[in-house]
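The residues making up each chain are set out below.
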Amino acid sequence: MEPFLSEKDGYVVAVVGATGAVGQTMLEILAERDFPISELVVVASSRSAGSTVEFKGKDYVVQDLETFDPTGSDIALFSAGGDTSREHAPRFAEAGCYVVDNSSAWRMDESVALVVPEVNPHALEMARENRIIANPNCSTIQLVVALKPLHDAVAIERVVVSTYQAVSGAGGKAIEELAEQTRNLLSGKEAEANILPARIAFNVIPHIDVFLEDGYTREEHKMIEETRKIMDADIAVTATTVRVPVFYGHSEAVNITFSGPMDAGRARELLADAEGVCVVDDPKGEDYPMPSMAAGSDPVWVGRIRNDHSSFNSLHLWVVADNVRKGAALNAVQIAEILIRQP
């Protein structure tokens, strides 16, 4: 395979949306993984322009996206929202820069690669034409990482997934809202919901993103459509997405039906050997993945692996991951690492 970028000691990397939670985590992961950077550029909206962000002990001045010239940039990691990406990602790509975009703007565009490195790195070949690569939805990423080794062994026919999604998936203000509501309720005060559609403290909300005409939410459609695009269009997928009072770490209850025999023991072995997966599955020891375990970590954690006695050739899984790291920033940096990898 031809390299995407010519080999050199360091690359010019732009982080767009560098002042946000995902942008900050992108910077942390670039530093942790010692990504070869010759020049770092931090970019954000005009509201943040002129402020500073820290990277490897040095302060960088945030540049205004509207006036920033991407000429000379090799890779841009975008986490600035769909409208911003639609406007500016093509401008970066036309300047010769590879764009890895974390918004939903390009995910279902037939000409754009939707990539999870552990699952479909070959899809990056599409990016040679338009230089834009889409990062999937955070819940989709952890789901397909867990499904991939199983599907490779025995084709999956159907997936039913119910999510338990942390408030960090709705942004920093949602985190603040959960904290404030919790304090107020424990103090005997009223808890107001301004960011999320209902009170989240001591509650769960079966509503993420907007409802569509078929009764599903847009978040549920994202999981359904993205999973099929990444893995296999023949897989039937259905989803129910739920917000829970957890700060970081999405969890998923997944029911899988296979085209042939697959039992819990074999699935456990396949997942234990899979890239990016950590199996924690000891019912006798009451050991299983939880958001508190996943928060701040890179793997997709899988447990509660068991046969579905109600359905032939079916299994249950419990899948947990840090939605800001593997669900967004880490996946983007892993894509960037493939772009600079030499054959």
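Our structure is the block above this text.
Now for a quick tour of the structure.

1. Let's talk about the sheet that holds strand β5 (residues 63-64)
Across the sheet, seven strands lie side by side as β5-β2-β1-β6-β7-β9-β8; this open sheet has parallel pairing. Only two strands of the sheet have a single neighbouring strand rather than two, namely β5 and β8 (113-114). Here two bridges tie strand β2 (residues 37-44) to β5, and the two strands are oriented parallel to one another. Opposite Val43, over in β5, you have Gln63 as the bridge partner. Along the sheet, helix α2 (residues 82-94) makes contact with β1 (11-16), β6 (75-78), β7 (98-101) and β9 (132-134), crossing β6 at roughly 170°.

2. So, the nonpolar core
Ranked by internal contacts, the top residues of the largest apolar core, which has 55 residues, are Phe92, Val254, Val302 and Leu317. For this core, the element with the highest residue contribution is helix α4 (residues 138-153), accounting for seven residues. Ignoring any residue separated from it by four or fewer positions in sequence, one finds Val254 in contact with Leu143, Leu147, Val159, Val160, Val161, Leu315, His316, Leu317 and Val319. Among the nonpolar cores identified, the runner-up in size contains 40 residues, and Val42, Val100, Ala123 and Leu339 belong to it.

3. Details of the pattern of salt bridges
A complete count under the given rule lists 14 salt bridges for this structure. Here Asp152 makes a salt bridge to Lys148, at a shortest N to O gap of 3.3 Å. A residue pair is termed a helical-turn pair when its members lie 3 or 4 positions apart in one helix, as Asp152 and Lys148 do in helix α4 at four residues. A relative accessible area of 23% means that Lys148 is categorised as partly exposed. One salt bridge in this structure joins Lys222 and Glu219, with 3.9 Å as the shortest N-O distance.

4. Structural notes on α4
In the structure, α4 departs most strongly from a straight axis at Leu147, where the bend amounts to approximately 35° and where the proline Pro149 lies between one and four residues downstream. When you tally the buried positions in α4, you get 13 out of 16 residues, the bulk of the element.

5. Observations concerning the packing of aromatic side chains
Two aromatic rings are characterised by how far apart their centres lie and by the angle between their planes. On inspection of all chains with the given rule, the structure shows five aromatic pairs. Considering the side-chain rings of Phe4 and Tyr98, the 5.9 Å spacing of their centres and the 85° angle between planes classify their relative orientation as edge-to-face. Separated by 94 residues along the polypeptide, Phe4 in the segment before β1 and Tyr98 in strand β7 bring together distant segments of the chain. Taking relative accessible area as the criterion, Phe4 reaches 8% and is therefore assigned buried. Tyr98 gets classed as buried once you look at its relative accessible area, which sits at 2%. Summarising the aromatic geometry, the rings of Tyr164 and Trp318 are spaced 5.2 Å apart at their centres and angled 65° between planes, so their arrangement reads as edge-to-face.

6. Regarding the packing of α4 against helix α6 (residues 218-230)
Closest axis-to-axis distance for the α4/α6 pair is 9 Å, and the angle between their directions is 40°. Taken together, the axes of α4 and α6 lie oblique to each other. In the crossing of α4 with α6, the sense of the turn from one axis to the other is right-handed. Contacts from Ser139, Thr140, Leu143, Val144 and Leu147 in α4 reach Glu219, Lys222, Met223, Glu226, Thr227 and Ile230 in α6. Counted by class, the contact of α4 with α6 contains five nonpolar, three polar and three charged residues.

7. Some thoughts on the environment of Val100
Here Val100 shows up in strand β7. A sequence separation of 122 residues divides Val100 from Lys222, and the C-alpha atoms of the two residues are 18 Å apart. In this structure Val100 touches Ala76, Leu77, Phe78, Ile133, Ala332, Ile335 and Leu339, once residues within four positions along its chain are discounted.

8. Describing unusual backbone geometry
Residue Lys56 is not a glycine yet carries a positive backbone phi of 50°. Turning to its location among the elements, Lys56 is positioned in the loop between β3 (52-55) and β4 (58-61). The phi dihedral of Arg131 falls on the positive side, at around 65°, and the residue is not glycine. Position of Arg131 among the secondary structure elements: in the loop between α3 (127-130) and β9.

9. A few points about the side chain of Gln181
Residue position: Gln181 is located in helix α5 (residues 172-186). In this view, Gln181 contacts Ala191, Glu192, Ala193, Arg199, Ile200 and Ala201; residues no more than four positions away in its chain are not counted.

The rules behind the values
- Along every chain, residues carry numbers that run from 1 in the direction the sequence is written.
- Owing to the predicted nature of the model, reporting of local features is limited to residues with pLDDT of at least 70; listing and counting of side-chain atom pairs is limited to 80 or more, with chain, interface and lining totals taken over all residues.
- No hydrogens and no water enter the side-chain calculation; it runs on all heavy atoms of the structure.
- Being paired, for any two strands, means DSSP has found at least two bridges between them.
- Only DSSP runs of H or I covering at least 4 residues are called helices, and only runs of E covering at least 2 are called strands; the numbering of each starts at the N terminus.
- Only heavy atoms enter the contact rule, under which two residues are in contact if any of them lie within 4.5 Å.
- Simply put, an axis is a line fit to the C-alpha atoms, just over the touching stretch for a helix, and the angle between two N-to-C directions goes from 0 to 180 degrees.
- Think of a nonpolar core as a cluster: buried Ala, Val, Leu, Ile, Met, Phe, Trp, Tyr and Cys residues, connected wherever their side-chain atoms sit within 4.5 Å.
- Partly exposed residues are those whose accessible area sits between 20% and 50% of the maximum for their type, while under 20% is buried and over 50% is exposed, using a 1.4 Å probe and protein chains only.
- One side-chain nitrogen of Lys or Arg within 4 Å of one carboxyl oxygen of Asp or Glu is enough to make a salt bridge.
- Bend at a given residue is defined as the angle between two axes, one fitted to the seven residues that end at that position and one fitted to the seven that begin there.
- Stacked, edge-to-face and tilted are the three classes for Phe, Tyr and Trp ring pairs, Trp counted by its six-membered ring, which pair at centre distances within 6.5 Å; planes under 30 degrees apart are stacked, over 60 edge-to-face, the rest tilted.
- By the definition adopted for this analysis, an angle is roughly parallel if under 35 degrees, roughly antiparallel if over 145, roughly perpendicular if from 65 to 115, and oblique otherwise.
- In this scheme the crossing of two helices becomes right-handed for a clockwise turn of the near helix relative to the far one and left-handed for an anticlockwise turn of less than a right angle.
- Only Asp, Glu, Lys and Arg are considered charged in this grouping, and only Ala, Val, Leu, Ile, Met, Phe, Trp, Tyr, Cys and Pro are considered nonpolar; every other residue, Gly among them, is considered polar.

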